[in-house]
Amino acid sequence: MNNSYNHSLSASTQFTQKSVNRCFDGEQRYYSHQSAATKTPMTFSIYLPDEALAGQRCPAILYLSGLTCNADNVTHKAHFQQKCSELGMIFIAPDTSPRSSEDNDVANDERYFVGQGASYYVDATQAPWAEHFNMQSYIVDELYDLLRSEFPIHSIGITGHSMGGHGALLLGFKFPGKFVSVSALSPVCAASESAWGQAAYTEYFGDDKSLWAQSDASQMIEQVGQQYSSILVDQGAADEFLADGQLQTSKLQQACKNAKQPLTLRYQAGHDHSYYFIQTVINDHIEHHWRMAQLS
């Protein structure tokens, strides 16, 4: 593979750098840009190890966050930077949805599981959501291509937590040509069968259940079949949202079995849905994506 990269990281033509901080052997940066897909400004964080800063192409992880989150949550709380520094991995965390600003009046909802911070990483078809809530197109087309053009990325794996775990599984299997690896932490596995997902999809898609199915991770896996040599999923065994049926983890297990998709599913005793759980397992996920990248 060609590891050379000549584009200057300090001369990005597409992004506006918002901040940079030295962190282990690398830099934690934030960028913003105007999105054509969402018609709003969008922000993301990116950790660049020294290898990337020196121009070497590195494997990257695209991390999709959960309900109510933005790029800050995982960047500040997951403590992924040290492992990424050790392995020479790039770690990217986009925002979870378009946001209202002085120049944009983005639709919202008083429920925390619908609207801003709750995009489910899908392209909405119903008003008023369809104008800005085009997060599938933003992630897999616009941001994906911009990241690969602006940073020394060798390959991209996708992961995420909760709603973002749903997004990682859904987009990873819907667009397998773009990602070399998939993992998820406490994912919403069958959005069309959870109260959260049903509320969001009623708003975003209306009553068209075919669109619901195309935006359900477990149904997508069954539809397309095996795409990866292995996927890794961690779930806290004491997760309150698992207990009340929001995550539907058994549906993912059955879908992978039907699709003959190898799945490593680990229930972590005593762990809940929080970032303390994410801290506990994040290094295993980084190593999973690093191993898969070596094979690509």
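Residues numbered from 1 in each chain as written. Predicted model: local features only at pLDDT ≥ 70, side-chain atom pairs only at ≥ 80, totals over all residues. Heavy atoms only, no water.

Undergrad: What is the right way to read the nonpolar core from this model?
TA: It is characteristic of soluble globular proteins that their nonpolar side chains tend to be buried jointly. Residues Y120, I139 and Y204 are the most contacted members of the largest nonpolar core, which totals 69 residues. Sorting elements by how many residues they give to this core places helix α4 (residues 135-150) first, with eight residues. When neighbours within four sequence positions are excluded, Y204 is seen to be in contact with V114, G115, A118, S119, V122, A124, T125, Q126, W129 and F133. (Core = buried A, V, L, I, M, F, W, Y, C linked by side-chain atoms within 4.5 Å. Buried < 20%, exposed > 50% of the residue type's maximum accessible area, 1.4 Å probe, protein only. Helix = DSSP H or I, 4+ residues; strand = E, 2+ residues; numbered from the N terminus. Contact = heavy atoms within 4.5 Å.)

Undergrad: Looking at this structure, how should I read the packing of aromatic side chains?
TA: Given two aromatic rings, one states the distance between the centres and the angle between the planes to describe the pair. Evaluated as defined, the whole model comprises 18 aromatic pairs. A ring pair is formed by Y120 and Y201, whose centres lie 5.6 Å apart and whose planes are at 75 degrees; its orientation type is edge-to-face. Linking Y120 in the loop between β5 (90-94) and α4 with Y201 in helix α6 (residues 195-205), this pair joins segments that are 81 residues apart in sequence. The exposure class assigned to Y201 is buried, which follows from its relative accessible area of 0%. Measuring from ring centre to ring centre gives 5.3 Å for W129 and F133, while their planes differ by 90 degrees; the resulting arrangement is edge-to-face. Take W129 and F133: they sit in the same class, and that class is buried. Among the aromatic residues, those joined into a ring-pair cluster are F15, Y31, F44 and F151. Above the ring of Y144, the side-chain terminus of K178 is found at 4.5 Å from the ring centroid. For K209, the ring lying beneath its charged end belongs to W212, and the centroid distance is 4.8 Å. (Phe/Tyr/Trp six-rings, centres within 6.5 Å; stacked < 30°, edge-to-face > 60°. Lys NZ or Arg CZ within 6 Å of the ring centre and 35° of its normal.)

Undergrad: Would you mind showing me how to read the packing of helix α5 (residues 163-174) against helix α8 (residues 217-224) here?
TA: Two quantities define a packed helix pair, namely the angle between the axes and the distance from one axis to the other. With their axes 9 Å apart at the nearest point, α5 and α8 run at an angle of 20 degrees to one another. Between α5 and α8, the angle is such that the two are roughly parallel. Considering the relative orientation of α5 and α8, their crossing is left-handed. Residues H166, L169, L170, F173 and K174 of α5 form the contact with α8, whose participating residues are A217, M220, I221 and V224. Tallied by class, residues from the contact of α5 with α8 come to seven nonpolar, one polar and one charged. (Axes fitted to C-alpha atoms, helices over the stretch in contact; angles between N-to-C directions. Parallel < 35°, antiparallel > 145°, perpendicular 65-115°, else oblique. Left-handed = near helix turned anticlockwise from the far one by under 90°. Nonpolar A, V, L, I, M, F, W, Y, C, P; charged D, E, K, R; others polar.)

Undergrad: Explanation requested: the sheet that holds strand β7 (residues 181-185) in the structure shown.
TA: Pairing between sheet strands relies on hydrogen bonds along the backbone, with the strands arranged either parallel or antiparallel. The sheet built from nine strands is open, its strands ordered β1-β2-β3-β5-β4-β6-β7-β8-β9 with mixed pairing. If you trace the sheet from one side to the other, it starts and ends with β1 (16-22) and β9 (263-268), each paired once. Adjacent strand axes in the sheet meet at a mean angle of 20 degrees, parallel and antiparallel pairs treated alike. Across two bridges, the pairing between strand β6 (residues 153-160) and β7 is parallel. Considered in β7, the bridge of G157 is made with S181. (Pairing = 2+ DSSP bridges.)

Undergrad: When you look at the environment of Y120 in this model, what are you seeing that I'm missing?
TA: With a relative accessible area of 0%, Y120 lands in the buried category. Distance in space between the C-alpha atoms of Y120 and L171 is 11 Å, their sequence separation being 51 residues.

Undergrad: What exactly am I supposed to notice about the pairing of strand β8 (residues 231-236) here?
TA: Two faces belong to every sheet, and in a regular strand the side chains alternate between them. For β8, a buried count of six out of six residues is recorded, marking the element as mostly surrounded by other parts of the structure. Residue alternation in β8 divides its side chains into two sets, I231, V233 and Q235 and L232, D234 and G236, and both sets are buried. Sheet topology places β7 next to β8; three bridges connect them, and they run parallel. In the sheet register, S183 faces β8, and the bridge partner there is L232. Here β8 pairs with β9 via six bridges, running parallel.

Undergrad: Explain the pattern of salt bridges here, please?
TA: Pairs can form between side chains of opposite charge whenever their charged atoms are close. One pass over the full model with this rule turns up ten salt bridges. Close ionic contact of R99 with D95 constitutes a salt bridge, the shortest N to O distance being 2.8 Å. The partly exposed category is assigned to R99, whose relative accessible area is 25%. Of the charged contacts, one joins E193 and K251 as a salt bridge, the two residues approaching to 2.5 Å between their closest N and O atoms. Of this pair, E193 sits in the loop between β7 and α6 while K251 sits in helix α10 (residues 249-259), and the two are 58 residues apart along the sequence. For E193, a relative accessible area of 39% translates into the label partly exposed. Where salt bridges share partners, they join K83, E86 and E287 into one cluster. (Salt bridge = Lys/Arg side-chain N within 4 Å of Asp/Glu carboxyl O.)

By themselves, these are just geometric observations and shouldn't be taken as functional.
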